[in-house]
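So the chains spell out like this:
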Amino acid sequence: MLHIGQGQLPLLLFPAKAEVLPEPLGVVLIFASWNFPISLALDPLIGAISAGNTVVVKPSELAPACSSFLARIVPLYLDNKAIKVVEGGSDVAEKLLEQKWEKIFFTGSPRVGRIIMSAAAKHLTPVTLELGGKCPIILDSLSGSDLKVTVKRISGGKWGACAGQACIGIDYVLVQRKLAPVLVELLQKCIKTFYGENIKNLNSICKIVNKNHFERVCNLLEDPGVAASIVYGGSFDKQNLLIEPTILLDPPLDAAIMTEEIFGPLLPIITLNDVEESIEFINARPNPLAIYVFTKNKTFKEKLLQETSSGSVIFNDTMIQFICDGLPFGGVGQSGFGRYHGKYSFDTFSHEKAILQRSFFLELEPRYPPWNGFKLEFIRLAYNFDYIGLLLLLLGLRRRYTSRTVI
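Residues numbered from 1 in each chain as written. Predicted model: local features only at pLDDT ≥ 70, side-chain atom pairs only at ≥ 80, totals over all residues. Heavy atoms only, no water.

J.: With reference to specific residues and values, describe the packing of helix H5 (residues 144-160) against helix H6 (residues 180-195).
T.: H6 packs onto H5 with a crossing angle of 55° between their chain directions and a minimal axis gap of 9 Å. In terms of axis orientation, H5 runs oblique to H6. As H5 runs across H6, the sense of the crossing is right-handed. When H5 is examined against H6, the residues Leu147, Val151, Lys152, Ile154, Ser155, Gly156, Trp159 and Gly160 are found in contact with a partner set consisting of Val182, Leu183, Leu186, Leu187, Cys190, Ile191, Phe194 and Tyr195. Grouping the constituent residues of the contact of H5 with H6 by class yields 12 nonpolar, three polar and one charged. (Axes fitted to C-alpha atoms, helices over the stretch in contact; angles between N-to-C directions. Helix = DSSP H or I, 4+ residues; strand = E, 2+ residues; numbered from the N terminus. Parallel < 35°, antiparallel > 145°, perpendicular 65-115°, else oblique. Left-handed = near helix turned anticlockwise from the far one by under 90°. Contact = heavy atoms within 4.5 Å. Nonpolar A, V, L, I, M, F, W, Y, C, P; charged D, E, K, R; others polar.)

Here it is as structure tokens:
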């Protein structure tokens, strides 16, 4: 039997026992994304198996080598009758969505997430959607070694993790106008140290996943106002699907680069008069999956936590929340809903069944008709868990509630 958690009961129900019993949902479907094709398939799979479900995993066709690997390896180590890996493109996904599932878990874009949710609604199937969004960095006034560490963590988080092709990847930076020149200069130095100085000598950075995504990211730079805002990079190698780490300073806010998720190695820097304006800036846009904040100001930290909504908030670092299994991972609003990782994965793929066991001893007669003033007063006090009032009523020391005819 799975773990049973103890529940709390009102004293009025004594003697009784409450329990919460997690049980499997049944047959679940997991759609994995292409950007982290192994972990985004196995992480939810582990949670689904641990909760006792049977599972079908659909890897992304955009990462064919990893899809083939999962299809070949999983049956060697897991029960092939309970765990299936199904390969294929959108046609296969459509066929899978026509079936009835007890749970669908999807990692990917909001556009496809809407399709998943629409298909699930036909069978009233619950879904967990791990989507994305434009995850900002807020950079407060820092200097010296703190600023240098900050720039390293921004550079590593933005361009080191799949060249920005990550749902929790950094999308843009909000910074005070007076600090922008220093930030740009330090980022340029860091890029050269980490990744090389030009498109021909790039290293330690991955390519864009395919031609379509490559062209999509490059098209973000074609807007004249966006092109004019480039202060570093902007080169690309179409043959090898490489895009140079690129910094933009104050691109037009109505351009696609600032309204769509970038999912690539382009980093807009948006300048503000005051760092607290960042809260209003973020709140004017859909909920991000993550907000990264570099600050030592405790008052600002608290203000930001209270006045913004996001899947997570990370202070003074980037991306590391993904490896913290003690924290739930998931979005809110358009960045998704539901959560997983660690114990939260088990919970996501479980139904918590409430169990209440009572004794035949101690029967409360006031719960039964015919009603009178005493019984109605007893029920009112019991509903409010007013035990002192109940005791006084039973001792005849409390004035009884009088009411007109109950209809």
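J.: How would you explain the pattern of salt bridges if you had to name every residue and give the values?
T.: What the rule picks out here adds up to 11 salt bridges. Glu102 is the salt-bridge partner of Lys100, the closest N and O atoms lying 3.6 Å from each other. Where Glu307 meets Lys303, a salt bridge forms, and the shortest distance between an N and an O atom there is 3.1 Å. One end of the pair, Glu307, and the other, Lys303, are both in helix H11 (residues 298-307), four residues apart, so they sit about a helical turn from each other. Judged by relative accessible area, Glu307 falls into the partly exposed class, the value being 40%. (Salt bridge = Lys/Arg side-chain N within 4 Å of Asp/Glu carboxyl O. Buried < 20%, exposed > 50% of the residue type's maximum accessible area, 1.4 Å probe, protein only.)

J.: I'd like a rundown of the nonpolar core, residues and numbers included.
T.: In terms of nonpolar packing, the biggest core is built from 58 residues, with Leu187 and Tyr292 touching the most fellow members. For this core, the element with the highest residue contribution is H6, accounting for seven residues. Filtering out sequence-adjacent residues up to four positions away, Tyr292 remains in contact with Cys135, Pro136, Ile137, Ile138, Ile168, Ile170, Ile314, Asp317, Thr318, Met319 and Gln321. Formed by 28 residues, the second largest nonpolar core is a distinct cluster that contains Ile138, Cys218, Ile243 and Val275. (Core = buried A, V, L, I, M, F, W, Y, C linked by side-chain atoms within 4.5 Å.)

J.: Describe the sheet that holds strand E17 (residues 336-337), with residues and values.
T.: Here six strands make up an open sheet; going across it, the order is E5-E4-E3-E6-E7-E17 and the pairing mixed. The open sheet has two edge strands with one neighbour each: strand E5 (83-85) and E17. Two strands pair when backbone bridges link them, and strand E3 (residues 27-31) and strand E6 (residues 103-107) are joined in this way by four bridges, in the parallel orientation. The residue bridging Ile30 from the neighbouring strand is Phe105, located in E6. Packing of helix H3 (residues 90-97) onto the sheet brings it into contact with E3, strand E4 (54-58) and E6, and relative to E3 it is tilted by some 155°. (Pairing = 2+ DSSP bridges.)

By themselves, these observations are geometric and do not establish any function.
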